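# Coordinate analysis (summary)
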Amino acid sequence: MFRLFLITALFSLLPHVLGISQAHAFFYFQEEPAKSDEQENATKDGSGKLQRSDIKIAQPISSFELQKQDLNHYLPSNEVELLKAGDNEYTLIKGTSSTKNDKGVAILIPDWQQGLTNAKALNFLRKELPTHGWATLSIQSPNKPSNYPSSASTQSELAEQNKVALMPYKNELKSLMMEVMKKAKDYPGIFLVITQGSQAAMLIDLYKNNEELLPSALVILSGGMYSHLENDTFAHNIATSELPILDLILKRDSRSVLENALLRKKYSNKELKVFYRQKSLSNIMPGYYPEQSLIIEINGWLKSIGW
């Protein structure tokens, strides 16, 4: 009791003696915090200063690896398969047709940095397409190059730096699609590829130079790249390709997506591209495709070109 009285008296006098507030005085009576393992490992040099020993800190897991772990953990093991391509392993999710008449296999490829179960469109299609006669192969997308897009001040430098940055990515994408197409050949029917954003431009460029990888048809969701030059090349490649293409955008889409869509339509009309349709879908949430409208447009377009 006497000890408690003594501490209380000292606590009330300390601010007057040291010229500090009571709030600051409180910290004079706190117990010394327990030392962490890191502090225990510290040593003193000749000057008496603490020198930390070598401490190994685990690096954070990349989003790519985190996606892979999540997919392997939450999805049934019979639906998930690891696919080796280049120097990396990619997660592949397989879905089988639930109808007696199989149409073919739909290969779903998300945009850069997007997951296979992204709710904006592809996750719905992964679950819905099998009820319409499609087997599905959903594959992880390679990560966007860290040095892309370039921030160069001149157009010539920007174009050159972007070209250099994207070259390793294109090689990786080619290796990946070669492996995916091998898997697709295990299924009867046609090959349909559905992809998003910048990945669409990368695939169109890949198909231009590698006809053996061409699918039967391609569906693009909100396609577009990061620079005017690349979007111009994207539009030109679409217009001059014989690949049937359904180009879908949203009424509430980003400004760049809407502008690039107009460019693709202009080039395709100029080249009199027959199997090209561009359609704008009404949406409530920006970036999210209306599910029923999306599947209706895909089925209707495929029927119009004979599938």
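It should be emphasised that the depicted structure is a prediction, and the values quoted were computed from it without experimental measurement.

### Things to note about the overall build of the chain
Looking only at helices and strands, one finds 10 helices and 10 strands in the chain. Buried residues in the chain amount to 43% of all 307 residues. Of the contacts formed within the chain by residues at least 6 apart in sequence, a portion of 73% connects residues at least 24 apart.

### Focus: the confidence of the model for the chain
For the chain, per-residue confidence averages 84 on the pLDDT scale, and residues scoring 70 or more make up 78% of the total. Of the regions scoring below 50 in pLDDT, residues 17-21 engages in six contacts with residues more than four places distant in sequence or in other chains.

### Things to note about the packing of aromatic side chains
All told, the structure shown has four aromatic pairs when counted by the stated rule. Both rings, one in Trp-112 and one in Tyr-169, keep their centres 5.4 Å apart while their planes meet at 85 degrees; by these two values the pair is edge-to-face. With a gap of 57 residues between them, Trp-112 in the loop between strand S5 (104-109) and helix H5 (122-128) and Tyr-169 in helix H6 (residues 155-184) connect regions that are remote in the sequence. An identical accessibility class is assigned to Trp-112 and Tyr-169; each is buried. Aromatic pair Tyr-148 and Tyr-226: ring centres 5.3 Å apart, planes at 80 degrees, arrangement edge-to-face. Taken together, the positions of Tyr-148 in the loop between strand S6 (134-139) and H6 and Tyr-226 in the loop between strand S8 (217-221) and helix H8 (228-240) put the pair 78 residues apart, joining distant regions of the chain. Residue Tyr-148 is classed as buried on the basis of its relative accessible area of 1%.

### Some details on the packing of H8 against helix H9 (residues 255-270)
Interaxial distance between H8 and H9 falls to 8 Å at its minimum, and their mutual angle equals 35 degrees. Two packed elements cross with a definite hand, and for H8 against H9 that hand is right-handed. Side by side, H8 and H9 meet where Asn-231, Asp-232, Phe-234, Ala-235, His-236, Ile-238 and Ala-239 of the first sit next to Asn-260, Leu-263, Arg-264, Tyr-267 and Ser-268 of the second. Broken down by class, the residue content of the contact of H8 with H9 amounts to six nonpolar, four polar and two charged.

### Here we look at the nonpolar core
Ranked by size, the top nonpolar core spans 39 residues in total, and within it Ile-139, Met-177, Leu-203 and Ile-245 carry the most contacts. In terms of residue count, the dominant contributor to this core is H6 (nine residues). The contact partners of Ile-245, leaving out residues within four places of it in the chain, are Ile-204, Leu-218, Ile-220, Ile-238, Lys-273, Phe-275, Tyr-276, Arg-277 and Trp-301. By size, the runner-up hydrophobic cluster in this structure holds 25 residues, among which are Phe-124, Ile-194, Ala-217 and Tyr-289.

Reading the values: the criteria
- Residues numbered from 1 in each chain as written.
- Predicted model: local features only at pLDDT ≥ 70, side-chain atom pairs only at ≥ 80, totals over all residues.
- Heavy atoms only, no water.
- Helix = DSSP H or I, 4+ residues; strand = E, 2+ residues; numbered from the N terminus.
- Buried < 20%, exposed > 50% of the residue type's maximum accessible area, 1.4 Å probe, protein only.
- Contact = heavy atoms within 4.5 Å.
- pLDDT = per-residue confidence, 0-100.
- Phe/Tyr/Trp six-rings, centres within 6.5 Å; stacked < 30°, edge-to-face > 60°.
- Axes fitted to C-alpha atoms, helices over the stretch in contact; angles between N-to-C directions.
- Left-handed = near helix turned anticlockwise from the far one by under 90°.
- Nonpolar A, V, L, I, M, F, W, Y, C, P; charged D, E, K, R; others polar.
- Core = buried A, V, L, I, M, F, W, Y, C linked by side-chain atoms within 4.5 Å.

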